[in-house]
Amino acid sequence: MTMRDLTTTPNQAFALARNATLPPSLDGSQGDNRGTGRQQIAAGTDWDALRVWLGQYRDQAKTYAAYEKEVVRFYVWVIATLGKPLSSVVFEDWELYTAFLGDPQPASLWIGTKRGRLTKDGSLSKEYRPFAGPLSATSIRYAQGVIWSMFEWLRSVGYLAGNPIIIVRGRRKRIARSPSRFLTEDQWRAVLEALDELPRETVAEQRVYARWRWIATLFYMTGVRTAEAIDATMGAFSVVRDREQGRNRYFLTVIGKGDKERSIPLPDSFLPEITRYRRAFGMSDWPAAGEVTPLVFSLRMKSGFRPLTRQSMWALFKELFGHAHAVLSRRDPEGAANLLAASTHWMRHTAATDMLNSGADLRTVQAILGHESIATTSIYSHAEDIKIHRDIDGKHGVDWSGKSHGR
């Protein structure tokens, strides 16, 4: 019996991967799409690399379970059906898999009702099947978003040379979104609703909620770049007295591209949010002068407050957008699907778009975002488009009544 024969079912493929007994032709150590430069992770096989990626979500139980389900069943499908390693997958393989998701066959191998892969003693259940039935179009798009994210991360750390399904992701974005990559009003509302649904019973849950609410507020109201947010400290907040109006004005100072410093004005509605965030972690309502506490920090605080990494920030927003996707799916599955493509940088674009659509001056928004050219800022403004639409609306159309217009 050949190794190909041993991996003809998802159970067999999963067992061999889990026990690290796949041959080099299937374990990914010789995958066609392996990166040729320096890797940033120590994984030598696809299974190990997959586990490193999933490990980022260990402290996010629901996200971990959802992501693990998607990538593992794709992994075993690749081995069992294609007889190749994950790191040899190409675009055409992904197209085959999306068709398969709509009708997993043979059903006797892939569809079942038993939950969980393992028995009580930790061994692999013979009754385990990866699917409960065919996936809906929305679920297929979700699977695509998760697996694309995995591939993209493995590419970014040098494990893979390229992302085999990036073309699919690009096509979806071109159809569903504008090049600006911002959240629509309804999608942003879904983010807020998702935050409101988070549990807040325990101290740990309250802190998770407080941090998510804080980063959503911070990125939306300031339009900061990820690097600016993770490099800044609480001591970067300042107060300036507006003598003419007899009140204080608050600012956040960040270091942007080219090491250029800029001060971002903070609306009054921002102030209660920083207080809420700091109180959740036992800090004073307002930062002390020169305070070095990171603007956004890890929840693992045994050794003190540590700033989040870029990857951790990206993962947080991806999880938040995943929750928003679940919320919006209840009323707008198509609009919800686009949230799966959203990332941290979409918040900056959303901030710019909403500031301009609310009537903020173009040069004001340019200064807040730190754009060198006002032309860069102007791409987020739809004011001229709306003006043109208002002008033409009701003035031009096809007259199906057959009446002459005097031509």
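Above this text you will find the structure in question.
Throughout what follows, the structure given in this document is the object of discussion.

1. Examining the overall build of the protein chain
Part 1 of the reasoning: The helix and strand tally for the protein chain stands at 19 helices and three strands.
Part 2 of the reasoning: Sorting the 407 residues of the protein chain into buried and exposed places 47% on the buried side.
Part 3 of the reasoning: Partitioning the contacts of the protein chain with sequence separation of at least 6, the portion at a separation of at least 24 is 61%.
Part 4 of the reasoning: Of the roughly 21,100 Å² of accessible surface on the protein chain, a fraction of 52% belongs to carbon and sulfur atoms.

2. So, the environment of Ala-227
Part 1 of the reasoning: Examined against the element boundaries, Ala-227 turns out to sit in helix 12 (residues 226-231).
Part 2 of the reasoning: For Ala-227, a relative accessible area of 28% puts it in the partly exposed group.
Part 3 of the reasoning: As for Ala-227 and Ile-255, which are separated by 28 residues in sequence, their C-alpha atoms are 8.8 Å apart.

3. Looking at helix 5 (residues 61-82)
Part 1 of the reasoning: The end-to-end C-alpha distance of helix 5, which contains 22 residues, comes to 31 Å, matching closely the 32 Å that a straight helix rising 1.5 Å per residue would cover.
Part 2 of the reasoning: Backbone geometry just after helix 5 places Gly-83 at a positive phi near 65°.

4. Focus on the sheet that holds strand 1 (residues 237-242)
Part 1 of the reasoning: Overall, antiparallel pairing links the three strands, which are arranged 1-2-3 in an open sheet. The outermost strands of the open sheet, each flanked by one partner alone, are strand 1 and strand 3 (261-266). The average undirected angle you get between the axes of adjacent strands in this sheet is 35°.

5. Some remarks on the pattern of salt bridges
Part 1 of the reasoning: If you walk through the whole model with that rule in mind, you get 16 salt bridges.
Part 2 of the reasoning: Its salt-bridge partner being Asp-196, residue Arg-200 comes within 3.7 Å of it at the nearest N-O pair.
Part 3 of the reasoning: For Arg-200, a relative accessible area of 32% gives the class partly exposed.
Part 4 of the reasoning: Its salt-bridge partner being Arg-249, residue Asp-242 comes within 3.0 Å of it at the nearest N-O pair.

6. What about the environment of Leu-340?
Part 1 of the reasoning: Summarising the element assignment, Leu-340 is placed in the loop between helix 15 (333-338) and helix 16 (344-357).
Part 2 of the reasoning: According to the relative accessible area criterion, Leu-340 is buried, its value standing at 9%.
Part 3 of the reasoning: Each C-alpha atom, one on Leu-340 and one on Val-146, is 8.0 Å from the other, the two residues being 194 residues apart in sequence.

7. Things to note about empty space enclosed by the protein
Part 1 of the reasoning: For the structure shown, the criterion picks out one cavity of 30 Å³ or more.
Part 2 of the reasoning: Roughly 110 Å³ of volume is contained in the largest cavity.
Part 3 of the reasoning: In this structure, the largest cavity is lined by 13 residues; those nearest its centre are Tyr-67, Val-146, Ser-149, Lys-318 and Leu-340.
Part 4 of the reasoning: Secondary-structure elements contributing two or more residues to the lining of the largest cavity are helix 8 (137-156) and helix 14 (310-328).

8. Details of the side chain of Thr-45
Part 1 of the reasoning: Mapped onto the fold, Thr-45 is located in the loop between helix 3 (24-27) and helix 4 (46-55).
Part 2 of the reasoning: Overall, Thr-45 belongs to the buried group, its relative accessible area being 19%.
Part 3 of the reasoning: Within the structure, the side chain of Thr-45 is placed 3.2 Å from the side chain of Asp-48, a separation counted as a polar contact.
Part 4 of the reasoning: For Thr-45, the residues in contact, after removing those within four places along its chain, are Asp-27 and Tyr-159.

9. Examining the packing of aromatic side chains
Part 1 of the reasoning: If you walk through the whole model with that rule in mind, you get 27 aromatic pairs.
Part 2 of the reasoning: A centroid spacing of 5.7 Å and a plane angle of 75° characterise the contact between Phe-100 and Phe-131, whose relative ring orientation is edge-to-face. A residue pair is termed long-range when its members are at least 10 positions apart, and Phe-100 in helix 6 (residues 91-101) and Phe-131 in the loop between helix 7 (107-110) and helix 8 qualify at 31 residues.
Part 3 of the reasoning: Over the ring of Tyr-209 we find Arg-200; its NZ or CZ atom is 4.0 Å from the centre of that ring.

10. A look at the packing of helix 11 (residues 203-222) against helix 16
Relative placement of two packed helices is described by the angle separating their axes and the distance separating the axes.
Part 1 of the reasoning: Relative to each other, helix 11 and helix 16 sit at 50°, their axes nearing to 7 Å. Taken together, the axis directions place helix 11 and helix 16 in an arrangement best described as oblique. Residues Ala-216, Phe-219 and Tyr-220 of helix 11 form the contact with helix 16, whose participating residues are Thr-344, Met-347, Thr-350, Ala-351 and Asp-354.

11. Re the nonpolar core
Part 1 of the reasoning: Formed by 58 residues in total, the largest nonpolar core has its most connected members in Leu-183, Trp-214, Ile-215, Leu-218, Phe-219, Phe-237 and Leu-252.
Part 2 of the reasoning: Setting aside its immediate chain neighbours within four residues, Leu-252 contacts Leu-218, Val-224, Ala-236, Phe-237, Arg-262, Ser-263, Ile-264, Leu-266 and Leu-295.
Part 3 of the reasoning: Among the nonpolar cores identified, the runner-up in size contains 49 residues, and Leu-16, Trp-47, Ala-49 and Tyr-142 belong to it.

12. Thoughts on the packing of helix 10 (residues 185-196) against helix 14
Part 1 of the reasoning: Between helix 10 and helix 14, the least distance of the axes is 8 Å, while the angle of their chain directions is 105°. The orientation of helix 10 with respect to helix 14, classified from their angle, is roughly perpendicular. Residues Asp-186, Gln-187, Ala-190, Val-191, Glu-193, Ala-194 and Leu-195 of helix 10 pack against Leu-320, Phe-321, His-323, Ala-324, Val-327 and Leu-328 of helix 14.

About the thresholds
- Residues numbered from 1 in each chain as written.
- Predicted model: local features only at pLDDT ≥ 70, side-chain atom pairs only at ≥ 80, totals over all residues.
- Heavy atoms only, no water.
- Helix = DSSP H or I, 4+ residues; strand = E, 2+ residues; numbered from the N terminus.
- Buried < 20%, exposed > 50% of the residue type's maximum accessible area, 1.4 Å probe, protein only.
- Contact = heavy atoms within 4.5 Å.
- Areas by Shrake-Rupley, 256 points an atom, 1.4 Å probe, with all protein chains shown as cover.
- Expected span 1.5 Å × (residues − 1).
- Pairing = 2+ DSSP bridges.
- Axes fitted to C-alpha atoms, helices over the stretch in contact; angles between N-to-C directions.
- Salt bridge = Lys/Arg side-chain N within 4 Å of Asp/Glu carboxyl O.
- 1 Å grid on protein atoms, 1.4 Å probe; cavity = no way out; pocket = protein on both sides within 12 Å on 5 of 7 lines; lining within 4 Å.
- Points joined across faces, edges and corners; volume = space filled by probe spheres on them.
- Polar contact = N/O pair within 3.5 Å; in protein donor to acceptor, adjacent residues only side chain to side chain.
- Phe/Tyr/Trp six-rings, centres within 6.5 Å; stacked < 30°, edge-to-face > 60°.
- Lys NZ or Arg CZ within 6 Å of the ring centre and 35° of its normal.
- Parallel < 35°, antiparallel > 145°, perpendicular 65-115°, else oblique.
- Core = buried A, V, L, I, M, F, W, Y, C linked by side-chain atoms within 4.5 Å.

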